[in-house]
Structures are given as C-alpha cells and as structure tokens.
Amino acid sequence: MKKIAARLWRIIRGPMQWRVLWLWHSKFMVGVTGIVRDQDGRVLLLKHRMWSEGRQWGLPTGYANAKETFEDTVVREVREETGLTVKVGELAHLKSGYKLRVEVAYEALYVSGRIEVASFEILEARWFSPDDLPEGLQDSHRQLIGRQRF
C-alpha cells in the first residue's frame, strides 16, 4: 500500500500535490500583532470594543488575509484602526499550539499621521510610556512590550 501511495504521489506532481496537501492538513488563522513604538519609545495601545471588560487595552492586532505578508498585516491593521503609518521591523514573537491559530508579533516604528479612531472595533488609541501602562492591558501584550530586544 505504501509503494502504491508513493507512486501515485510522484505521478500527480506540482499543483495537484499542493491541493492534496491543502485538503489533508489543518487550516490555521494567523493573528498578527504590532508593537508600535514612536521615536520617544512610547507604545501605541488601543482600547478594543470586542475584548472582555477590564481587559480591553492591547496592541494593534488582527488576522492576516490570504496572500498578505504578516508585515503587510501590521501596516494594514494599524492604518485601519488608527490612521497611522508604520514601518515594520523585526519579528518579536511567534507562537503556535492553539487549536487553529498561530500568533505572530512584529516590532514597528511610527512613521507619520495623527491618531484618528474611526474603526467600529476600537474605542480609543493612545501612546503610553512602557513604564506607565494602563490597567486592563492584556498580560501577553504587557510581556511583548517589556521583552528584551537584542
């Protein structure tokens, strides 16, 4: 049976192999977070409408779209949620193991724009000193902000 399966695999080659692999394997959503800092070292935090009461503050976060790089997801999410333009830097965090989700976080630098919250999802957006973060900040986001950069 293994020999037959291997022979069939070699016969179907190319795009058909990718379709079979896609059908066979689990599908994952990718949650992407931006740790956006300004030139003074302050961090951009958003108060999210849909998050649990008392835990609504967090970093700009969203899901990657098909054919979108994770870096482009950070830029898009920050722009959609705040109107700001950012430049994405180094990968800060990568975690798998959730049921159907992978989490990715990147450092990002504020480039231009004024905060304009027009998104249904966001109640407020503000810059915070890493030493003076608000109550109700997600613990995982607090850890991302305070992580040691090399």
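Here the structure is a predicted model, which means the values were calculated and not measured.

Caption draft 1: Up close: the packing of aromatic side chains. This model, assessed by the stated rule, comprises two aromatic pairs. When the centroid spacing of 5.3 Å and the interplanar angle of 80° are considered together, the rings of Trp57 and Phe128 count as edge-to-face. Here the residue Trp57 occupies a position in strand β3 (residues 57-58), and Phe128 occupies one in strand β7 (residues 122-128), the gap between them amounting to 71 residues. We note that Trp57, like Phe128, is buried. Where Tyr110 meets Trp127, the ring centres are 5.6 Å apart and the plane angle is 75°; that geometry is what we call edge-to-face. Of the two residues, Tyr110 sits in strand β6 (residues 101-112) while Trp127 sits in strand β7, which places them 17 residues apart along the sequence. The ring centre of Phe120 lies 5.0 Å from the NZ or CZ of Arg49, which sits over that ring.

Caption draft 2: Region of interest: the layout of surface pockets. Counted as a void, the largest pocket has a volume near 530 Å³. Of the residues in the lining of the largest pocket, the class split is seven nonpolar, ten polar and seven charged.

Caption draft 3: Structural detail: the nonpolar core. Val36, Leu44, Val74, Val78, Leu84, Val86 and Trp127 are the most contacted members of the largest nonpolar core, which has 18 residues in total. Residue assignment for this core shows that the elements contributing at least two residues are β1 (29-37), β2 (43-48), α3 (70-82), β5 (85-95), β6 and β7. In terms of residue count, β6 provides more of this core than any other element does, five residues in total. Once residues within four sequence positions are removed from consideration, Val74 is found in contact with Val32, Thr33, Gly34, Val86, Val88, Tyr106 and Ala108.

Caption draft 4: Main features of the side chain of Arg37. Within the secondary structure, Arg37 sits in strand β1. A polar side-chain atom of Arg37 sits 2.9 Å from a polar atom in the side chain of Glu107.

Caption draft 5: Just helix α1 (residues 2-12), in detail. Of all the eleven residues making up α1, zero are buried; the element is thus mostly uncovered. A positive phi of about 25° marks Arg13, the residue just after α1.

Caption draft 6: Geometry of the side chain of Glu68. Relative to the helices and strands, Glu68 is located in the loop between β4 (61-63) and α3. In terms of polar contacts, Glu68 uses its side chain to reach the backbone amide nitrogen of Asn65, at 2.9 Å. A distance of 2.7 Å separates polar atoms of two side chains, one belonging to Glu68 and the other to Arg76. For Glu68, the contacting residues outside a window of four places in its chain are Tyr63, Thr73 and Arg76.

Caption draft 7: Main features of the environment of Val32. Structurally, Val32 can be placed in strand β1. Under the relative-accessibility criterion, Val32 is labelled buried at 2%. In this structure, the C-alpha to C-alpha distance between Val32 and Thr69, residues 37 residues apart in sequence, is 10 Å. Not counting chain neighbours up to four residues away, the residues in contact with Val32 comprise Pro60, Thr61, Gly62, Ala64, Phe70, Thr73, Val74 and Val104.

Calculation rules
- Residues numbered from 1 in each chain as written.
- Predicted model: local features only at pLDDT ≥ 70, side-chain atom pairs only at ≥ 80, totals over all residues.
- Heavy atoms only, no water.
- Phe/Tyr/Trp six-rings, centres within 6.5 Å; stacked < 30°, edge-to-face > 60°.
- Helix = DSSP H or I, 4+ residues; strand = E, 2+ residues; numbered from the N terminus.
- Buried < 20%, exposed > 50% of the residue type's maximum accessible area, 1.4 Å probe, protein only.
- Lys NZ or Arg CZ within 6 Å of the ring centre and 35° of its normal.
- 1 Å grid on protein atoms, 1.4 Å probe; cavity = no way out; pocket = protein on both sides within 12 Å on 5 of 7 lines; lining within 4 Å.
- Points joined across faces, edges and corners; volume = space filled by probe spheres on them.
- Nonpolar A, V, L, I, M, F, W, Y, C, P; charged D, E, K, R; others polar.
- Core = buried A, V, L, I, M, F, W, Y, C linked by side-chain atoms within 4.5 Å.
- Contact = heavy atoms within 4.5 Å.
- Polar contact = N/O pair within 3.5 Å; in protein donor to acceptor, adjacent residues only side chain to side chain.

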